[in-house]
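# Coordinates in review
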Amino acid sequence: MLAFTLKRLGLAVLVTLTVSVISFSLLHLSGNPAAALAGENATPADLEAITRQYGFDRPLPVQYADWLWNALHGDFGQSYYFKLPVSSLIADRLSVTMTLGVCAICFALFTAVPLGVAAAVRPNSIIDRTALFLSVAGQAMPSFWFGLVLIVLFSIKMRLLPPSGSASWQHFIMPTIVLGYYAMPAIMRLTRAGMMEVLNADYIRTAHAKGAGAGRVLFKHALRNAIVPVVSLAAVQMGFMLGGSIVVEAIFALHGAGYLAWESISRHDLPTVQALILIFSCFYIVFTFLSDLANAWLDPRIRVG
Amino acid sequence: MMTSSAPTTESIVGMTPGARMRRRVFGHYGLMFGLAVLILIIAAAIFAPLLTSHDPYAQSLFMRMKPPFWMNGTNPDHILGTDHLGRDYLARLLYGARISLMIGLLTALVSGVIGTTLGVAAGYFGGKVDLAVTFLINVRLAMPVVLVALAVVALFGGSLQVVILVLGFLLWDRFAVVMRSSVMQIRDLEYVNAARAIGCSTTRILLSEIMPNVVNNLIVIMTLEMAHAILLEAALSFLGLGVQPPMPSWGLMISEGKEMLLFQPWMITIPGVALFMLVLAINLMGDGLRDVTAPEAKG
């Protein structure tokens with residue numbers, strides 16, 4: 001288990017480094033950052049001064065090494081637009097995105113798992129058909145459009161929920177539904193497939209035969225085994241969702257890290273964008289790392305292979 | 001998916017393979033529905049100039065914000081109404097289908113070439129090649145797609161070519177994953193070993209022994225990635241960092257309609273439903289193709 005953990009950890013660090021190299025070079029090779037920083041009315045002398053001050057005249061690998069060294073110490077540089085340290089800027093916004101992510105994954109799990117179980121218990125029933133329809137529709141629904149439709153229904157027509165902002169818990173309801181619906185289809189399908197397989201297993205027949213109640217068999221014997229891959233999928237989905245929250249945050253003007261990313265991209269605020277790409281990647285990497293470990297701990301076959 | 005609509009295996013035993021296939025294809029409601037809607041949308045995109053006499057770019061100050069046919073105060077000349085600049089909504093919708101279809105097709109082509117090359121190489125050669133490709137897949141999965149796509153489009157400028165290339169270079173992961181595992185499954189089968197034994201070159205083995213046996217998986221992934229690319233382009237354009245105005249991209253139309261959300265919700269309904277139908281049709285077709293070509297992998 002220790003060897004497996006170390007191997008995975010090394011891989012995770014290597015992936016993080018590669019992502020940072022790619023995003024750094026992408027952002028710095030495509031255009032002159034000094035020009036974006038100086039604005040449209042800058043004189044050549046201004047450009048020269050900015051280039052020197054920020055060190056854009058140094059070779060790219062040197063700039064990268066410098067950035068990485070500072071990033072490892074928690075210093076992501078100054079935001080071009082806000083003139084504040086990027087790290088504190090992101091730290092302020094991250095709690096909103098994390099709240100949204102946790103709410104959304106809980107919403108997805110609490111709707112998708114029961115639906116998947118019900119669908120597996122009665123294949124081809126009305127419930128199964130409805131669950132199938134919901135998951136097919138969920139995959140085809142553009143999330144930004146779904147968000148706008150919810151705003152029209154619940155904010156404009158019924159006046160139940162606030163359309164935008166992040167001041168109260170009511171502001172999180174619609175974003176949670178939109179972001180959670182995005183993760184639902186995959187979780188539901190996996191729960192259904194897993195339950196179908198488990199329900200045909202011998203130990204389920206044994207449980208029935210020894211007189212265990214239907215509910216007990218379903219939840220204590222079957223779901224417990226079927227849920228393992230679902231949990232690791234949910235961890236991966238959580239990583240994806242934090243990266244995808246940018247669209248949802250933009251629609252509902254939820255001032256989290258995703259909204260900050262959108263603003264910073266529009267303003268060519270490179271240090272902020274750079275740091276955000278790295279942080280969102282790290283989320284994904286950490287979540288998949290944890291789910292790998294959990295899987296290996298639960299299933300010894302993975303450790304060896 | 002759509003398990004129940006396909007005929008059961010028992011009922012089609014004893015037919016010729018061709019008849020069996022036809023029975024499976026035509027008996028699959030999801031596949032048929034997806035195919036029908038997709039053909040309809042493709043036809044609408046190709047024959048757009050015949051279906052409407054309006055120019056999707058022509059503005060008219062006197063014809064602004066006319067509602068569609070099911071509302072009051074409609075103009076018979078503009079069935080689906082006009083937008084805030086007086087442009088005909090039906091014309092924009094029809095020409096917008098061209099953009100979505102083009103993005104979907106070309107992105108799937110670019111990412112398909114990248115992902116298939118990597119995946120087939122990893123699956124066939126294994127060892128170090130496999131390690132390298134698996135690492136690349138991990139790196140790609142760790143990059144937040146929307147964020148990176150937005151940032152790159154913002155830096156290079158939002159044109160159709162840039163959006164297609166950026167998405168193409170970001171969406172190859174599923175091709176690589178699926179191709180890798182399907183090639184691994186067949187690389188040591190008898191017929192591949194036989195080809196090796198009679199001295200076929202690696203290129204020949206890959207092209208005429210391996211590829212024909214994984215191409216159905218490839219087509220399924222291709223349709224699903226097309227749908228993915230269409231949704232992403234719409235999202236990028238909606239956020240203002242994809243295809244740029246005045247192009248009639250559906251995502252852009254929804255973004256423009258968002259400004260009138262309070263009084264004219266139909267402006268987001270029409271392009272939204274179109275987008276939903278197109279993606280739904282492509283997904284149903286992809287799932288259907290998987291059921292039909294690999295009935296054993298259903299579920």
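For the structure, see preceding data.
Notes on the structure in this doc start here. It should be emphasised that the depicted structure is a prediction, and the values quoted were computed from it without experimental measurement. (Residues numbered from 1 in each chain as written. Chains lettered and ligands numbered in written order. Predicted model: local features only at pLDDT ≥ 70, side-chain atom pairs only at ≥ 80, totals over all residues. Heavy atoms only, no water.)

## Focus on the overall build of chain B
Assigned secondary structure in chain B consists of 12 helices and zero strands. Each principal axis of the C-alpha atoms in chain B carries an extent, and together these give about 75 × 50 × 30 Å. The buried share of chain B, reckoned over its 299 residues, is 52%. Taking contacts inside chain B between residues at least 6 apart in sequence as the whole, the part at least 24 apart equals 70%. Of the roughly 13,200 Å² of accessible surface on chain B, 68% is carried by carbon and sulfur atoms. Within chain B, the 17 negative side-chain charges are centred at a point lying 3 Å from the centre of the 19 positive side-chain charges. (Helix = DSSP H or I, 4+ residues; strand = E, 2+ residues; numbered from the N terminus. Buried < 20%, exposed > 50% of the residue type's maximum accessible area, 1.4 Å probe, protein only. Contact = heavy atoms within 4.5 Å. Areas by Shrake-Rupley, 256 points an atom, 1.4 Å probe, with all protein chains shown as cover. Lys, Arg positive; Asp, Glu negative; His and termini not counted. Charge placed at Lys NZ, Arg CZ, Asp CG, Glu CD.)

## Details of the packing of aromatic side chains
Counted by the stated rule, this structure contains 13 aromatic pairs over all chains. Centre to centre, the rings of Tyr64 of chain A and Trp67 of chain A are 6.0 Å apart; their planes meet at 35°, and the pair counts as tilted. In this pair, Tyr64 of chain A and Trp67 of chain A are both assigned in helix 4 (residues 60–72), three residues apart and thus about one turn of the helix distant. When sorted by exposure, Tyr64 of chain A lands in the same class as Trp67 of chain A, which is buried. Between Tyr124 of chain B and Phe125 of chain B, the ring centres sit 5.2 Å apart and the planes meet at 85°, which makes this aromatic pair edge-to-face. With relative accessibility at 10%, the residue Tyr124 of chain B sits in the buried group. Of the residues examined, Phe125 of chain B reaches a relative accessible area of 45% and is grouped as partly exposed. Site record: aromatic cluster; members linked through ring pairs are Phe24, Tyr64, Trp67 and Phe76 of chain A. Sitting above the plane of the Tyr81 of chain A ring, Arg267 of chain A keeps its charged end 3.6 Å from the centroid. (Phe/Tyr/Trp six-rings, centres within 6.5 Å; stacked < 30°, edge-to-face > 60°. Lys NZ or Arg CZ within 6 Å of the ring centre and 35° of its normal.)

## So, the interface of chain A and chain B
Taken together, the contact pairs 46 residues of chain A with 43 residues of chain B. Interface area, chain A with chain B, both sides summed: about 3,800 Å², of which 83% is carbon and sulfur. Here chain A and chain B share one salt bridge between them. One salt bridge in this structure joins Asp287 of chain B and Arg189 of chain A, with 3.8 Å as the shortest N-O distance. Where chain A touches chain B, the interface holds three residue pairs in polar contact (both at pLDDT 80 or more). For the side of chain A that touches chain B, the elements supplying multiple residues, two or more each, are helix 1 (2–29), helix 6 (126–140), helix 7 (143–157), helix 10 (214–251), helix 11 (257–266) and helix 12 (270–298) of chain A. A class-by-class count of the residues in the side of chain A that touches chain B yields 35 nonpolar, eight polar and three charged. (Buried area = accessible area lost by both parts, 1.4 Å probe. Salt bridge = Lys/Arg side-chain N within 4 Å of Asp/Glu carboxyl O. Polar contact = N/O pair within 3.5 Å; in protein donor to acceptor, adjacent residues only side chain to side chain. Nonpolar A, V, L, I, M, F, W, Y, C, P; charged D, E, K, R; others polar.)

## Section: the environment of Gly27 of chain B
Within the secondary structure layout, Gly27 of chain B lies in the loop between helix 1 (17–26) and helix 2 (29–46). Each C-alpha atom, one on Gly27 of chain B and one on Val292 of chain B, is 9.7 Å from the other, the two residues being 265 residues apart in sequence.

## Quick look at the side chain of Ser264 of chain A
Residues and elements named next belong to chain A. By the secondary structure assignment, Ser264 is in helix 11. Judged by its relative accessible area of 1%, Ser264 falls in the buried class. If we ignore the near neighbours within four places in the chain, the residues touching Ser264 are Asp269, Thr272 and Val273.

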